[in-house]
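Chains, contacts and geometry: an overview
The primary structure of each chain is shown beneath.
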Amino acid sequence: MILRGAPILSVGWLILITIVAVGAPVLAPLDPQQPLGPPLSYPAQASFLGTDSLGRDLLSRLIFGTRFSLSIALLASAITISVGTLFGLTAAVFPGLFDRIMLWASNTLLAIPGLLLAMLVVARTGTGLASVVFAIGIGGIPGFLRLSRALFIQIRSQAFISSAVALGGSKLWIARFHILPNAGPRYISISTIHIAWAFLGATSLTFLGFAGDPSIPEWGSMLNTGRSFLNQAPHLAILPGFAISATIMAIQSLGRWISHISDPLDAGWRSSQSGNRNR
Amino acid sequence: MFTFPSIFRPLWKAGHRVPFSLALLVGLLLSACSSMEEPLSIVYGLTLAPSGIDPHINASAELGIPLSSVYDTLIYQNPDSGEFVPGLAEKWTISEDAKTYTFYLRQDVIFHDDTAFNAAAVKANIDYVINPDHLSQKARFMLGPLERIEVIDTFTVVFHLREPFAPLLDSLAQVYLGMASPSALEEWGPGDYQFHQVGTGPYRFVEYVVNDHITLEKNPDYAWGPEFFNNKEAQIAKVIFRFYEDSATRSVALESGEVDIIGELPPQDAQRLAALEDFDLYPIPIPGQPLQYFFNVEVEPTNDLQVRQALLQAVDRQFIVETVFGAFSPVAEGPLTNDHFEDIVLDPYTSYDPEIAGELLDEIGWVIDEDQGYRLRDGEILALHLIVPSWGSNPEVGQLISAAWENIGAQVTLEVAPGFGKLREAQGEGNYQAIGLNFFGTDADLLRSFYSTDGLFNWSGVQDSRVEQLLTQASQATLDPDRRVKLYQELTSLIHQEALLLPIRDYVNLVAARSSILGLRYSSQGWFPYLIDLQFAP
Amino acid sequence: MVPLPYRPSIRAVKLMDNRGAKAISKKMLDGIFTVFAAVSVVFFSLRLAAGDPLEILLSQGLATRAQIEELRVALGLDRPLFSQYLDFLRSLLRGDLGKSLYTGRPVISLIKEQYPQTIELAFSALLFAIGLGLVLGVAGAILKQSHIGKIAEFIANVGISLPVSFTGILALFLWLQALHWATLEALLLSLKDLLLPALILGFASAGALAKVVQSGLAGSLREPYMLAARARGIRPRWRFIWHALRPSLPPVLSIAALEAAFLFSGTVITETVFARPGLGRMLVNAILQGDYAIVQGIVVLAAALYVFTQALSEILSIILDPRLARQQ
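Treat the numbers as computed from the prediction; the structure is a model and nothing was measured.

A tally of helices and strands in chain A yields eleven helices and zero strands. Listing every helix and strand of chain A by position from the N terminus yields α-α-α-α-α-α-α-α-α-α-α. With respect to the three principal axes, the spread of C-alpha positions in chain A is 75 × 50 × 30 Å. Residues classed as buried in chain A amount to 56% of the 279 residues present. For chain A, the share of sequence-separated contacts (at least 6 apart) that also reach a separation of at least 24 residues comes to 72%. With 17 positive and 8 negative side-chain charges, chain A shows a separation of 14 Å between the mean positions of the two kinds.

Structural data, given as structure tokens:
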């Protein structure tokens with residue numbers, strides 16, 4: 001049974017937030033942007049979790065927040081993973097100058113603190129959710145490039161690639177039909193874990209106030225606004241903070257599980273080697 | 001003093017604290033120290049660690065809180081009457097053409113480093129400020145069209161202006177143009193001087209440790225204060241200023257006894273402290289401009305007066321002020337704050353009425369489209385781009401304004417500009433319908449850079465010859481205060497008629513102090529306390 | 001591969017003598033070049049990023065347009081970008097990081113002012129991270145089957161995953177609650193300055209370290225030389241430390257080096273959450289204000305730290321496990 005040891009709790013949480021994200025307009029009881037009364041009111045019938053610091057329904061904001069936070073992370077990861085894979089694969093197939101340039105460039109960029117890199121991008125493009133997607137998408141490339149390159153090179157060095165070369169396969173053909181498919185579960189694993197990093201990075205940027213419009217319900221911005229009210233209404237910060245943390249942990253444990261079933265000894269630490277740089 | 005294992009010694013020296021297990025120990029020691037402090041000192045909580053505290057060079061209001069008591073100014077403004085009274089200058093005369101100011105200085109004043117105060121010292125100070133290499137951020141511009149300083153004799157000094165400049169006296173009464181010891185200025189120069197400040201005031205500057213504290217000590221020789229000081233000399237031997245950037249911890253610091261006076265409390269905390277017996281709350285109005293948003297008259301659809309009027313009526317300013325600022329803030333009624341400029345700001349703004357707002361828009365063809373849920377005219381959506389600064393409650397207020405406009409059928413994009421650069425950039429591009437910014441100040445000439453056609457902060461894009469004329473007259477043609485008030489009244493009602501501005505709230509600094517401390521009063525600017533008048537309850 | 005026998009560290013030093021000198025000088029060149037490249041990237045991306053620093057600088061002073069232009073010429077900001085770049089490199093070579101526009105003071109002295117705060121936080125966090133990381137990693141590896149091992153592994157995962165914005169806020173919340181109950185308020189107040197942020201920051205690093213320790217240890221415990229050591233009758237504790245733990249340390253070192261470089265160049269979010277001064281906050285403000293010189297100064301520092309700690313960890317790794325020198 002392939003699902004043995006699958007992190008049921010994590011998968012359940014991810015399914016739940018996906019449903020909530022898709023169905024937000026139907027599920028949310030109230031408009032997340034219109035104030036409905038006095039601020040910081042306690043849970044009542046009209047408002048299940050009470051109101052936030054500007055008198056808006058907290059539950060509706062959390063529900064819509066799922067949609068915004070998830071899509072930012074997924075879009076950013078799409079940029080990183082596609083560009084990173086393209087370069088990583090090319091570097092693995094053309095081991096000469098191109099590979100060296102790629103390796104050197106990503107090493108240089110990794111020497112600049114990641115958040116700084118992202119902030120520089122935002123300084124250029126202005127605040128806003130699109131800028132955050134762009135900044136996290138670009139900022140993740142050097143790290144993902146290194147990981148995917150290492151994986152592809154490992155596969156390239158295996159015997160069946162040599163036989164493919166001996167058979168006269170073109171480099172493109174080898175890359176497309178031999179390296180990529182054989183990267184399989186481990187490639188999926190590093191990509192999955194990368195999504196967790198992107199999620200963390202994106203919510204960190206919005207936490208720092210780079211979302212542009214704070215009335216957009218997004219978990220990172222909500223955590224940021226909520227922290228001013230730790231004395232009076234701690235749940236304003238704790239609920240979105242919990243949602244962010246649970247999502248990151250769920251995605252990561254899913255990634256680790258995929259990595260574990262594909263390569264029991266590796267245990268997945270390599271994929272998380274890049275560590276949490278959003279501090 | 002006990003000794004640390006040698007490996008920790010550099011850290012102890014560098015950071016004043018030691019990691020981990022030692023932190024607990026040090027914490028205990030610190031708490032022991034603070035409870036043993038001598039009774040004649042107080043701790044005043046500042047709210048942000050400024051990037052520099054040289055009043056001639058840096059611009060923050062925060063630096064004036066301690067330094068207003070280190071420096072005297074040539075003249076003072078009596079906070080009760082608003083009149084300008086003698087300070088280091090015994091008297092002054094202004095020439096007929098209002099371009100020459102002559103100051104006759106006191107002859108008994110010495111700086112904390114025993115340098116004598118005289119006309120040459122005044123010239124040295126002003127020259128230091130206007131030196132372009134020194135990059136003065138505020139003081140230099142407060143002098144307006146100053147041409148040069150002339151020393152007539154030891155105690156007479158003349159300011160020559162290129163053209164008349166009514167706000168000059170107001171500028172000279174502020175700490176940014178306070179008189180520093182010329183020998184100290186020369187010895188340290190810009191950058192280092194801020195750590196070695198020397199003035200003539202009731203307190204002398206002892207030390208400034210970046211991010212940590214500023215210490216002042218009583219100046220026992222002080223005998224030249226303006227007449228409105230209640231005390232002839234300082235009553236409290238030592239005042240220490242510490243920084244509390246995190247607003248949530250300010251009331252904690254006050255209640256735990258770590259500080260005796262602290263400002264900029266969050267409204268909820270202020271309300272709670274006001275009810276306690278051990279603390280007094282001082283809501284201090286800060287004069288200048290209210291929290292305000294300009295309509296851009298150069299772009300669709302806010303180029304239409306009726307749209308602007310509708311947008312004004314759509315916003316419940318009372319609700320916004322109550323939600324964001326609690327009970328202590330007045331709703332703003334004009335381009336200047338009510339408390340300080342009560343002669344200028346006369347008629348209140350139109351009251352909140354979303355239905356009238358909707359009718360106004362209907363009249364000119366912006367009608368709700370049921371499919372999209374927004375107002376449309378000729379197939380175009382009523383789209384508004386609102387840009388607000390990231391500081392001073394602007395993001396919260398911006399969200400409520402944006403919700404209010406959405407409520408009457410506009411499609412609002414709210415953008416929080418994370419720094420001044422983005423605001424300027426947006427102004428350059430001009431693609432906004434409304435934008436926020438406000439400054440503090442005690443002279444109404446503040447309005448000039450906001451409403452004059454080529455004003456640096458002309459966010460509305462207003463180009464009106466009537467406005468221009470009023471502004472120039474008020475700053476150049478007359479020094480008569482009554483005449484100036486008349487001119488500014490006219491300007492205010494023009495701004496009002498043209499619906500150029502959405503004013504929200506006059507700034508009030510919520511200061512709380514231990515009730516054993518008496519005599520806390522502030523200068524006309526609102527931020528700066530007269531430390532000399534502080535004393536302990538008997 | 002047949003495992004090579006262990007030799008005392010002196011052998012490693014010898015190994016480095018031969019080809020080592022050449023390798024080290026190449027590494028140094030590489031490192032300097034990396035720093036140079038990183039700083040250049042930042043130099044140009046800052047100038048491309050819009051926002052006129054002069055207008056920001058004078059925003060509070062109500063300056064006129066003419067005054068701003070005068071100042072721009074005086075500061076040389078009107079000259080072509082490339083000649084500004086050459087000037088910048090020239091002064092960088094002299095060890096001069098330039099002057100901050102906003103405060104008019106040399107960037108070096110500004111960094112020196114903020115750095116003690118960053119150092120004390122980074123140092124404490126790193127110490128805590130290494131301690132906790134080792135404990136969790138070792139527990140996770142040798143008690144793999146028991147509950148303790150599982151719990152240790154879970155804690156490590158939590159440490160890696162949780163954003164410090166959340167853990168920090170949670171800690172602050174608990175701290176505020178404690179303040180309401182406790183009597184030792186002054187003591188509690190002082191906790192917030194260093195201990196809490198250091199624990200929160202260190203916890204996140206500890207997770208990453210624990211993972212590496214655990215997987216390295218799990219690997220070396222399976223190696224045949226462990227059996228050999230057991231056969232030679234070496235005491236279990238010594239066997240564990242010298243034969244199992246020591247060779248699993250090099251990857252730990254390289255992660256610890258990454259962590260150190262990162263922590264010592266300023267931690268934006270932790271400093272923001274705890275309203276703590278330091279390089280991170282200074283950096284964010286400098287970006288917002290357009291104070292280029294400060295941003296560049298911090299990048300030079302961060303890149304140099306990164307390069308230096310990487311090199312240091314490689315050298316230490318070779319001393320710990322001389323086999324690595326041969327592999328290179």
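So, next bit.
On to the overall build of chain C, then. The helix and strand tally for chain C stands at 16 helices and zero strands. Every one of the 328 residues in chain C was classed for burial, and the buried ones make up 55%. Look at the contacts in chain C between residues 6 or more apart in sequence, and 73% of them connect residues 24 or more apart. In the form shown here, chain C has an accessible surface area of approximately 14,800 Å², with 68% of it arising from carbon and sulfur atoms.

In this section: the environment of A:Ser204. Within the fold, A:Ser204 resides in helix 9 (residues 171–207). What makes A:Ser204 buried here is its relative accessible area of 2%. When sequence neighbours within four positions are dropped, the list of residues in contact with A:Ser204 reads A:Asn278 and C:Ile269.

Each aromatic ring pair is summarised here by two numbers: the centre-to-centre distance and the angle between the ring planes. All names here are of chain B. One pass over the structure, following the stated rule, counts 32 aromatic pairs over all chains. An angle of 40° between the planes, with centres 5.3 Å apart, marks the rings of Tyr44 and Phe241 as tilted. Pair noted here: Tyr44 is in strand 1 (residues 41–46) and Phe241 is in strand 10 (residues 238–243), with a separation of 197 residues, a long-range link. What makes Tyr44 buried here is its relative accessible area of 2%. Classification of Phe241 by relative accessible area gives buried; the value is 0%. An aromatic cluster of three or more residues is present, and its members are Phe294, Phe439, Phe450, Tyr451, Phe457 and Trp459. Against the face of Phe325 rests Arg505, its NZ or CZ located 3.8 Å from the ring centre. Across the ring face of Tyr507, the terminal group of Arg505 is positioned such that the distance to the ring centre comes to 4.8 Å.

If you look at the biggest cluster of nonpolar residues, it comprises 111 residues, and the most contacted ones within it are A:Leu116, A:Met119, A:Leu205, A:Trp219, C:Ile111 and C:Val295. Residues within four places of A:Met119 in sequence aside, it is in contact with A:Leu205, A:Phe210, C:Val268, C:Leu283, C:Val284 and C:Ile287. B:Phe195, B:Ile214, B:Ile236 and B:Ile532 belong to the second largest nonpolar core, which has 83 residues in total.

Taken together, the contacts link 54 residues of chain C with 43 residues of chain A. Overall, the association of chain C and chain A removes approximately 4,300 Å² of surface from exposure, summing both partners, and the carbon and sulfur fraction of that is 73%. At the boundary of chain C and chain A, one finds zero salt bridges. Where chain C meets chain A, there are three residue pairs in polar contact (both at pLDDT 80 or more). Every element with two or more residues in the side of chain C that touches chain A is listed here: helix 1 (9–48), helix 6 (147–161), helix 7 (164–181), helix 9 (195–221), helix 12 (249–264), helix 13 (268–273), helix 14 (279–289) and helix 15 (292–320) of chain C. Tallied by class, residues from the side of chain C that touches chain A come to 39 nonpolar, twelve polar and three charged.

It is worth spelling out the interface of chain B and chain A at this point. Taken together, the contact between chain B and chain A spans 18 residues of the former and 20 residues of the latter. Both faces combined, the contact of chain B with chain A buries some 1,600 Å², and carbon together with sulfur accounts for 54% of it. Of all residues in chain B, B:Gln268, B:Thr323 and B:Gln399 bury the most surface against chain A, accounting for 30% of the area lost on that side. Counting every contact that joins chain B to chain A gives zero salt bridges. Joining chain B to chain A, the criterion identifies five residue pairs in polar contact (both at pLDDT 80 or more). Going through the elements one at a time, helix 9 (267–274), helix 11 (317–325), helix 13 (394–407) and strand 18 (411–417) of chain B are the ones with two or more residues in the side of chain B that touches chain A. Among the elements that line the side of chain B that touches chain A, the one with the most residues is helix 13 of chain B, at seven residues. In terms of residue class, the side of chain B that touches chain A is built from nine nonpolar, four polar and five charged.

Residue and element names in this part refer to chain B. With respect to burial, strand 17 (residues 383–389) is a largely interior element, six of its seven residues being buried. Pairing geometry for strand 17 and strand 18, over seven bridges, is parallel. Paired with Leu384 across the bridge in strand 18 is Val412. Crossover strand 17 to strand 18 through helix 13 is right-handed. Bridging between strand 17 and strand 19 (residues 434–436) involves two bridges; their strand directions are parallel. Considered in strand 19, the bridge of Ile387 is made with Ile435.

This next bit is on a nonpolar patch on the surface. Residue and element names in this part refer to chain A. On the surface, Ile15, Ile19, Val26 and Leu27 cluster together into a nonpolar patch covering about 420 Å² of accessible area. Taken together, the elements giving at least two residues each to the nonpolar patch come down to helix 1 (8–22) and helix 2 (24–27). By secondary structure assignment, the location of Ile19 is in helix 1. The class for Ile19 is exposed, based on a relative accessible area of 52%.

Another aspect to go through is helix 13 of chain B. Residues and elements named next belong to chain B. The end-to-end C-alpha distance of helix 13, which contains 14 residues, comes to 20 Å, matching closely the 20 Å that a straight helix rising 1.5 Å per residue would cover. When you tally the buried positions in helix 13, you get eleven out of 14 residues, the bulk of the element. At the exit of helix 13 stands Gly409, carrying a positive phi of roughly 100°.

Let us now look at the packing of helix 5 (residues 107–142) of chain C against helix 12 of chain C. Residue and element names in this part refer to chain C. It is the contact of helix 5 with helix 12, at a shortest axis distance of 9 Å, that shows an interaxial angle of 150°. In terms of axis orientation, helix 5 runs roughly antiparallel to helix 12. Here helix 5 and helix 12 pass one another in a crossing that is right-handed. Where helix 5 abuts helix 12, its residues Tyr115, Thr118, Ile119, Ala122, Phe123, Ala125 and Leu126 lie against Ala256, Glu259, Ala260, Leu263 and Phe264. Here the contact of helix 5 with helix 12 is built from residues that sort into ten nonpolar, one polar and one charged.

All names here are of chain B. Counted according to the given criterion, the structure contains 25 salt bridges over all chains. Ionic pairing is found between Asp269 and Arg272, a salt bridge with its closest N-O pair at 3.5 Å. Within this pair, Asp269 and its partner Arg272 are both found in helix 9, separated by three residues, close to a single helical turn. Owing to a relative accessible area of 3%, Asp269 belongs among the buried residues under this scheme. In this structure, Arg377 and Glu300 form a salt bridge, with 3.8 Å as the shortest nitrogen-oxygen distance. A residue pair is termed long-range when its members are at least 10 positions apart, and Arg377 in strand 15 (residues 375–377) and Glu300 in the loop between strand 13 (291–295) and helix 10 (305–313) qualify at 77 residues.

Residue and element names in this part refer to chain B. Ordered in space as 4-5-7-6, the four strands form an open sheet in which the pairing is antiparallel. Taken across any chain shown, the strands that pair with only one partner, and hence form the sheet edges, are strand 4 (89–94) and strand 6 (146–153). If you compare each strand with its neighbour and ignore which way they point, the axes differ by 20° on average. With five bridges joining them, strand 4 and strand 5 (residues 100–105) adopt antiparallel strand pairing. Bridge pairing in strand 5 links Ala89 to Leu105. Across the sheet, helix 4 (residues 119–130) is in contact with strand 5, strand 6 and strand 7 (156–161); its angle to strand 6 comes to roughly 165°.

Glancing now at the sheet that holds strand 16 (residues 380–381) of chain B. Residue and element names in this part refer to chain B. Taken in spatial order, the three strands line up as 14-15-16 in an open sheet, and their pairing is antiparallel. Every interior strand has two partners, whereas the edge strands, strand 14 (367–368) and strand 16, have only one. Examined bridge by bridge, strand 15 and strand 16 share two bridges and lie antiparallel to one another. Within the sheet, the bridge partner assigned to Leu376 lies in strand 16 and is Ile381.

Cut-offs applied
- Residues numbered from 1 in each chain as written.
- Chains lettered and ligands numbered in written order.
- Predicted model: local features only at pLDDT ≥ 70, side-chain atom pairs only at ≥ 80, totals over all residues.
- Heavy atoms only, no water.
- Helix = DSSP H or I, 4+ residues; strand = E, 2+ residues; numbered from the N terminus.
- Buried < 20%, exposed > 50% of the residue type's maximum accessible area, 1.4 Å probe, protein only.
- Contact = heavy atoms within 4.5 Å.
- Lys, Arg positive; Asp, Glu negative; His and termini not counted.
- Charge placed at Lys NZ, Arg CZ, Asp CG, Glu CD.
- Areas by Shrake-Rupley, 256 points an atom, 1.4 Å probe, with all protein chains shown as cover.
- Phe/Tyr/Trp six-rings, centres within 6.5 Å; stacked < 30°, edge-to-face > 60°.
- Lys NZ or Arg CZ within 6 Å of the ring centre and 35° of its normal.
- Core = buried A, V, L, I, M, F, W, Y, C linked by side-chain atoms within 4.5 Å.
- Buried area = accessible area lost by both parts, 1.4 Å probe.
- Salt bridge = Lys/Arg side-chain N within 4 Å of Asp/Glu carboxyl O.
- Polar contact = N/O pair within 3.5 Å; in protein donor to acceptor, adjacent residues only side chain to side chain.
- Nonpolar A, V, L, I, M, F, W, Y, C, P; charged D, E, K, R; others polar.
- Pairing = 2+ DSSP bridges.
- Right-handed = clockwise from strand over helix to strand, strands pointing away.
- Patch = residues over 30% accessible without salt bridge, like charges linked within 9 Å, V, L, I, M, F, W, Y side chains within 5 Å.
- Expected span 1.5 Å × (residues − 1).
- Axes fitted to C-alpha atoms, helices over the stretch in contact; angles between N-to-C directions.
- Parallel < 35°, antiparallel > 145°, perpendicular 65-115°, else oblique.
- Left-handed = near helix turned anticlockwise from the far one by under 90°.

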